[in-house]
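One-letter residues, chain by chain:
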Amino acid sequence: EEIQSILSAEASSIKKKAGELYESVSKSSEQPIMNAEGVLTSSREAISKILIEMGVTARELARMPILKSELDFLANRIKTASKKNFKGLPLSELHGYQKSLNRAFRSADPGSPEQLALGKIKESIDNSVFDGIERGFIEGDELVIESLKDATDLYRQYIGLTGKSTGKDAQEKAANKILGMLTNRNYTPRQVANSLFGHNKFAPNQLVPLVIDKLKNILPEEQFAEISGLLKDSIIEKAFSGSGKSGVTRTNIVNNFDEVFIKQRAVINKLFSPDEIAKIKQFKENVLPTLWAEIKLNPSGTGYLLLSALTRSKILQELYQLLERALFLWLKVLPKDRKH
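What you see is a predicted model; the values in this text were computed from it and never measured. Along each chain, numbering runs from 1 in the same order as the chain's sequence is written. pLDDT decides what is reported in this predicted model: residues at 70 or higher carry local features, side-chain atom pairs at 80 or more are listed and counted, and totals for whole chains, interfaces and linings draw on all residues regardless. The basis for the side-chain values is all heavy atoms of the structure; hydrogens and waters are excluded.

Asks: Would you explain the overall build of the protein chain in this entry?
Replies: Per the secondary structure count, the protein chain includes 17 helices and three strands. Using a 1.4 Å probe on the protein chains alone, a residue whose accessible area is under 20% of its type maximum counts as buried, one over 50% counts as exposed, and one in between counts as partly exposed. Across the 340 residues of the protein chain, 45% fall into the buried class. A sequence separation of at least 24 residues applies to 72% of the contacts in the protein chain between residues at least 6 apart. Exposure was quantified through the Shrake-Rupley algorithm and a 1.4 Å probe, taking into account, for residues, occlusion by the shown protein chains and nothing else. Carbon and sulfur atoms make up 52% of the accessible area of the protein chain, which amounts to about 19,000 Å² in all. Helix and strand definitions follow DSSP, with helices as H or I runs of at least four residues and strands as E runs of at least two, each counted in order from the N terminus. Should any heavy atoms of two residues lie within 4.5 Å, those residues are counted as being in contact.

What follows is the structure, encoded as structure tokens:
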């Protein structure tokens, strides 16, 4: 819940800043334009995605009226931009075209080849607008262009953080779905936790490393450290908790260490440092000799007390002190003749 709260607030903040900058650009008396080279290049790249990369034929286009309309529009735009008196497209017209592509994409049958192709055009045009400044396609007043660049960078962060960016492959698309859950408060914390770490035993989604990389690239360093710490706490609790009311127990700590910190190394190494993993391993080794007490006595409430201590410890930074406290609590409930 805390991770969702932080990420959804950050996404809203980024979107608001981007919107304010876009608004200031739109109100400027000197509107940026995409020059002829940019219009020609972006249009040809979009058409190439469909006719060359996807290999859509004229016979297929006859059954895809929405796609055919968009390709015809791009072809006409190439003719217009090829004329000597062409002065470029204003930014407002570019944004209007992006919105019309969104509507065309949504109007096609979901999951159909036509919608897939429209998505390719949309992706190509979006990228040409996003990268237009760097590629020298978008020109205008220096200050206005700088504001537009900042707005574009922020909006790119927003769609990346919320999982709305176009995935290059199935892996990225699936990772984007997880990011969408992390930033959307309509999903419950339990749904998010199960998506990340499994429903019952610790079975992390193998896309977690990719999600972590995306968060690291987007978030400020301090904020990523906070999210990383919360994810570590989640893993420790999920890894060492039992089912039902058992909570964190010595049996779980000993039995689950290899399952989590050895077999799930791809996920663990993205979050935990070698020193942290070594400390957790030492903690497990220290718990092992006391396992007999749990098997024979199973004192009531021990699991809950240890779980609370683990949660407060913030990534087990004081493992030895925690172990001493746990041993002290266990000793308090043992009969006098068993304390040795």
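Here the narrative resumes, following the displayed structure.
Asks: What should I look at first to understand the confidence of the model for the protein chain in this one?
Replies: In low-pLDDT regions, the fine details of the predicted coordinates are not to be read closely. Values of pLDDT, which run from 0 to 100, indicate the predictor's confidence residue by residue. On average, residues of the protein chain carry a pLDDT of 85, and 87% of them reach 70 or more. Of all secondary-structure elements in the protein chain, the lowest mean pLDDT belongs to helix H16 (residues 302–313), at 51, while helix H4 (residues 65–81) reaches the highest, 96.

Asks: Before we go on, may I ask you to explain the side chain of Glu114 in this structure?
Replies: Along the chain, the position of Glu114 falls in helix H6 (residues 113–130). In this tally, Lys and Arg are treated as positive and Asp and Glu as negative; His is ignored, and so are the chain termini. Salt bridges are counted wherever a side-chain nitrogen of Lys or Arg sits within 4 Å of a carboxyl oxygen of Asp or Glu. The charged side chain of Glu114 is buried without a salt bridge, its nearest counter-charge being Arg63 at 9.7 Å. The definition of a polar contact used here is a pair of N or O atoms within 3.5 Å, where within protein one atom must be able to donate a hydrogen and the other to accept one, and adjacent residues in sequence count solely through side-chain atom pairs. A polar atom in the side chain of Glu114 sits 2.9 Å from the backbone nitrogen of Ile66.

Asks: Help me understand the pattern of salt bridges, please; the structure alone is not making it clear to me.
Replies: Any two side chains of opposite charge can pair if their charged atoms end up close together. In this structure the tally under the stated criterion is 14 salt bridges. The residue Lys279 makes a salt bridge to Asp275 at a minimum N-O spacing of 3.6 Å. In this pair, Lys279 and Asp275 both sit in helix H14 (residues 274–287), four residues apart, roughly one turn of the helix.

Asks: What exactly am I supposed to notice about the sheet that holds strand S1 (residues 33–34) here?
Replies: Sheet strands pair by backbone hydrogen bonding; their relative direction is either parallel or antiparallel. Taken in spatial order, the three strands make up an open sheet running S2-S1-S3, and their pairing is antiparallel. Bordering the open sheet on either side are strand S2 (89–90) and strand S3 (138–139), each of which pairs with just one other strand. Here a strand pair is declared whenever DSSP counts at least two bridges between the two strands. Bridging between S1 and S2 involves two bridges; their strand directions are antiparallel. Within S2, the residue paired with Met34 across the bridge is Leu89.

Asks: Would you mind going over helix H12 (residues 250–262) with me for this structure?
Replies: Residues spaced three or four apart along an α-helix point in a common direction, a consequence of the helix completing one turn every 3.6 residues. Helix span, expected: 1.5 Å multiplied by one less than the number of residues in the helix. Between its first and last C-alpha atoms H12 spans 18 Å; for 13 residues at 1.5 Å apiece the expected length is 18 Å, and the two agree. Those residues of H12 that sit buried are Arg250, Asn252, Ile253, Val254, Asn256, Phe257, Val260 and Phe261.

Asks: In this structure, what is going on with the environment of Leu94? I would like to understand it.
Replies: Structurally, Leu94 is set in helix H5 (residues 91–107). Classification of Leu94 as buried rests on a relative accessible area of 4%. Measuring from C-alpha to C-alpha, the distance between Leu94 and Ile125 comes to 9.1 Å, with 31 residues separating the pair along the chain. Setting aside chain neighbours within four positions, we find Leu94 in contact with Met34 and Leu89.

Asks: I tried to follow the environment of Ala81 on my own but got confused; where do I start?
Replies: Tracing the backbone shows Ala81 in helix H4. On the accessibility criterion, Ala81 (4% relative accessible area) is buried. C-alpha separation for the pair Ala81 and Glu37, spaced 44 residues apart in sequence, amounts to 8.1 Å. Not counting residues within four places of it along the chain, the set of residues in contact with Ala81 comprises Ala36, Val39, Leu40 and Phe86.

Asks: Got a minute to help me understand the packing of aromatic side chains in this structure?
Replies: When we look at a pair of aromatic rings, we describe it by the centre distance and by the angle of the planes. By convention, a stacked pair of Phe, Tyr or Trp rings (six-membered ring in the case of Trp) has centres within 6.5 Å and planes under 30 degrees apart, an edge-to-face pair has planes over 60 apart, and any other such pair is tilted. Here the structure, examined in full by the defined rule, presents six aromatic pairs. Consider the rings of Phe73 and Tyr97, whose centres lie 5.0 Å apart with planes at 35°: the pair is tilted. In this pair, Phe73 is assigned in helix H4 and Tyr97 in helix H5, connecting sequence segments 24 residues apart. When its relative accessible area of 5% is taken as the criterion, Tyr97 is described as buried. Aromatic side chains Phe130 and Tyr155 sit 6.2 Å apart centroid to centroid with 45° between the ring planes, which places their arrangement in the tilted category. Of this pair, Phe130 sits in helix H6 while Tyr155 sits in helix H7 (residues 142–161), placing them 25 residues apart in sequence. Note on Tyr155: relative accessible area 31%, which makes it partly exposed. Members of the aromatic cluster, joined through ring pairs, are Tyr22, Phe130, Tyr155 and Tyr158. Directly above the ring of Tyr97 sits Arg77, whose terminal nitrogen or CZ lies 4.9 Å from the centroid. Distance and angle both matter: a charge sits over a ring if NZ of Lys or CZ of Arg is within 6 Å of the ring centre and within 35 degrees of the ring normal.

Asks: Help me out: how do you make sense of the nonpolar core in this one?
Replies: Note on soluble globular proteins: their nonpolar side chains tend to be buried together. To qualify as a nonpolar core, a set must consist of buried Ala, Val, Leu, Ile, Met, Phe, Trp, Tyr and Cys residues joined through side-chain atoms within 4.5 Å. Within the largest apolar cluster, 49 residues are counted, with the highest numbers of intra-cluster contacts made by Leu182, Leu215, Ile235 and Phe272. The greatest single-element share of this core, amounting to eight residues, is contributed by helix H11 (residues 221–240). Counting 32 residues, the second-largest nonpolar core is a separate cluster that includes Met34, Leu74, Ala108 and Ile138.

Asks: Sorry, what's going on with the packing of helix H10 (residues 208–218) against H11 here?
Replies: Each packed pair of helices is defined by two parameters, the angle between the axes and the distance between the axes. Whenever a helix is involved, its axis is fitted only over the stretch in contact; in every case the axis is a line through C-alpha atoms, and angles between N-to-C directions fall within 0 to 180 degrees. Viewed as axis vectors pointing N to C, H10 and H11 meet at an angle of 155°, and their least axial separation amounts to 9 Å. Classified by the angle their axes make, H10 and H11 are roughly antiparallel. Across the interface between the two elements, Ile212, Leu215 and Lys216 of H10 pack against Phe224, Ile227 and Leu231 of H11. Side-chain classes follow a simple rule in which Ala, Val, Leu, Ile, Met, Phe, Trp, Tyr, Cys and Pro form the nonpolar group, Asp, Glu, Lys and Arg form the charged group, and the remainder, Gly included, forms the polar group. Split into classes, the residues belonging to the contact of H10 with H11 amount to five nonpolar, no polar and one charged. The cut-offs work like this: below 35 degrees is roughly parallel, past 145 is roughly antiparallel, 65 to 115 is roughly perpendicular, and the gaps in between are oblique.

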